[in-house]
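# A closer look at the structure
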Amino acid sequence: MSANTTLLIVVGVLVACGVYLLLERTVTKMLLGILLFGNAVNLLILTMGGPDGAAPIRGTADIEHSTMADPLAQALVLTAIVITMGVSAFVLALAYRSYILTTSEKVENDPEDVGIAARRPEEPEE
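Residues numbered from 1 in each chain as written. Predicted model: local features only at pLDDT ≥ 70, side-chain atom pairs only at ≥ 80, totals over all residues. Heavy atoms only, no water.

With that settled, the discussion passes to helix 3 (residues 71-102). Between its first and last C-alpha, helix 3 extends 46 Å over 32 residues, near the 46 Å set by a 1.5 Å rise per residue. For helix 3, the complete set of buried residues consists of Ala 73, Val 77, Ala 80, Thr 84, Ser 88, Val 91 and Ala 95. Residues of helix 3 that are buried sit in contact with helix 2 (27-48). (Helix = DSSP H or I, 4+ residues; strand = E, 2+ residues; numbered from the N terminus. Expected span 1.5 Å × (residues − 1). Buried < 20%, exposed > 50% of the residue type's maximum accessible area, 1.4 Å probe, protein only. Contact = heavy atoms within 4.5 Å.)

Structure (structure tokens):
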């Protein structure tokens, strides 16, 4: 069994764009990165699920087992779609709440975290 190279390249591009957007400082770009990454994973699961086949229901006709489609990949993608929708709704709620509180969607550094990061580690004595 071989995978479609074009679809794998599309998956790679979608993952790269999704990761790039996830590293941005605005919540909207992070949400778009999550959506791109989720769609790339769904496409990867479907690509790795194998080629198209006959219906996975037995008893409709005399079909050999090797020509039947694997329904597991489709079930995993449906589950992933529901999870991505839930995460998207959560991130949208966070973005709305952040905008209401700060009137900005850009995520700023926490001053306490900056202070902790600026501390010099103590050098061990020998």
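And the narrative resumes.
This part is about the UniProt feature "transmembrane region" (unreviewed entry) in the protein chain. Mapped onto this numbering, the UniProt entry annotates "transmembrane region" (unreviewed entry) at residues 6-23, 30-51 and 71-96. The straight-line gap between the two end C-alpha atoms of residues 30-51 is 33 Å; of that span, 86% is helix and 0% is strand. Here residues 71-96 is 100% helix and 0% strand, with 38 Å between the C-alpha atoms at its ends. (UniProt positions renumbered as here; feature names shortened; annotations may be inferred.)

Another aspect to go through is the packing of helix 1 (residues 5-22) against helix 2. The N-to-C vectors of helix 1 and helix 2 enclose an angle of 160°; their axes lie 7 Å apart at closest approach. Considered as vectors, helix 1 and helix 2 are oriented roughly antiparallel to each other. The crossing of helix 1 and helix 2 is left-handed. Residues Leu 7, Leu 8, Val 10, Val 11, Leu 14, Val 15, Cys 17, Gly 18, Val 19, Leu 21 and Leu 22 of helix 1 lie in contact with helix 2, whose contacting residues are Lys 29, Met 30, Leu 32, Gly 33, Ile 34, Leu 36, Phe 37, Ala 40, Leu 43, Leu 44, Thr 47 and Met 48. Class assignment of the residues belonging to the contact of helix 1 with helix 2 gives a composition of 19 nonpolar, three polar and one charged. (Axes fitted to C-alpha atoms, helices over the stretch in contact; angles between N-to-C directions. Parallel < 35°, antiparallel > 145°, perpendicular 65-115°, else oblique. Left-handed = near helix turned anticlockwise from the far one by under 90°. Nonpolar A, V, L, I, M, F, W, Y, C, P; charged D, E, K, R; others polar.)

Turning to its location among the elements, Thr 84 is positioned in helix 3. With relative accessibility at 17%, the residue Thr 84 sits in the buried group. Among residues more than four places away in sequence, those in contact with Thr 84 are Leu 35 and Gly 38.

The next subject is the environment of Val 15. With respect to the helices, strands and loops of the structure, Val 15 is situated in helix 1. In this structure Val 15 comes out as partly exposed when scored by relative accessible area, which is 27%.

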